[in-house]
Amino acid sequence: MKPKKILLVEDEVQIASFISRGLRREGFTVIEAYDGETGLEKAFSDLPDLIILDVMLPGIDGLVVCREIRAGGLQTPILMLTAKDAIPDRVAGLEAGADDYLVKPFAFEELLARIKALGRRGAAIEPEKPLTFADLTLDPNTRMAHRGERLIELTAKEYDLLELFMRHPNQVLTRDQIYNLIWGYDYGGESNIIEVYIRYLRSKLEAQGEPRLIHTVRGVGYALRE
Ligand code: CA
């Protein structure tokens, strides 16, 4: 899976804008955070495909952010930016759970190459294994879903929505997260499109009276739960 949405955690505004501009020109969506705490929040709220994380940050530093991201169960590839020659930083970064590091200063092309490599590596390490939850199976290769032995036919959006839940089991996904991740910002918060699709999914998943798996979390969003 080629990374599309990148979270950039970098407090130096000039460097951040240099990286952001370049990545946007390459077609990536970039979310910026200028301190560790915000970076950590956005890692979990925006669920980026890849995180570029500076080690030296005000407040909690990049190593702590990296450890917290991993402790929270996110496997998102992390590329750490370290100071020149700070070898202990690099080792510590990898130990903290980063996937790769890049030493400052660097050429934008080098950053781009690392991002692409991480995308490829992610694809290689994580072959698209079927996702399972309870008696539900989703195969990303064929985009087919089964409940027990029963084949469930899904439209493209229904599949995307179910896959999102399957990749975040037991986690409450807010309406905003679902909008942003499945539909983009175009629909706005007023639309009831999420409710409509949740209803479609439930009717297909529960067609033979099976127990509900997609639960409403009142006032917040939805969660895949038993
Ligand atoms: Ca910094």
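Up top you'll find the structure we're talking about.
Criteria and thresholds
- Residues numbered from 1 in each chain as written.
- Predicted model: local features only at pLDDT ≥ 70, side-chain atom pairs only at ≥ 80, totals over all residues.
- Heavy atoms only, no water.
- Donors = N, O, S within 2.8 Å, 3.2 Å for Na, K, Ca; no water.
- Helix = DSSP H or I, 4+ residues; strand = E, 2+ residues; numbered from the N terminus.
- Buried < 20%, exposed > 50% of the residue type's maximum accessible area, 1.4 Å probe, protein only.
- Polar contact = N/O pair within 3.5 Å; in protein donor to acceptor, adjacent residues only side chain to side chain.
- Contact = heavy atoms within 4.5 Å.
- Pairing = 2+ DSSP bridges.
- Axes fitted to C-alpha atoms, helices over the stretch in contact; angles between N-to-C directions.

Details of the coordination of the calcium ion
Coordination angles at a metal have ideal targets, namely 109.5 degrees for four tetrahedral donors and 90 or 180 degrees for six octahedral donors.
Now for step 1: Donor atoms from the polypeptide that bind the calcium ion are D11 (OD), E12 (OE), D54 (OD) and M56 (O), placed at 2.1 to 2.7 Å.
Now for step 2: Written as a sequence motif, the donor arrangement for the calcium ion is D-E-x41-D-x1-M. Taken as a pair, D11 in the loop between β1 (5-9) and α1 (13-25) and D54 in strand β3 (residues 50-54) lie far apart in primary sequence, 43 residues in all.
Now for step 3: With relative accessibility at 2%, the residue D54 sits in the buried group.

Observations regarding the side chain of E158
Now for step 1: Tracing the backbone shows E158 in helix α6 (residues 156-167).
Now for step 2: Within the structure, the side chain of E158 is placed 3.0 Å from the backbone nitrogen of T155, a separation counted as a polar contact.
Now for step 3: With residues near it in sequence (within four places) discarded, E158 still touches E153, Y197, Y200, L201 and K204.

As for the sheet that holds strand β10 (residues 172-174)
Now for step 1: Taken together, 3 strands build an open sheet; the order of strands is β10-β12-β11 and the sheet is antiparallel. With one partner strand each, in any of the chains shown, β10 and β11 (214-217) form the two edges of the open sheet. Each adjacent strand pair in this sheet contributes to an overall mean axis angle of 30 degrees, direction not counted.
Now for step 2: Both β10 and strand β12 (residues 221-224) contribute to a ladder of 3 bridges, which runs antiparallel. Bridged to V172 within β12 is A223.
Now for step 3: Packed on one face of the sheet, helix α8 (residues 193-205) meets β11 and β12 and runs near 145 degrees to β11.

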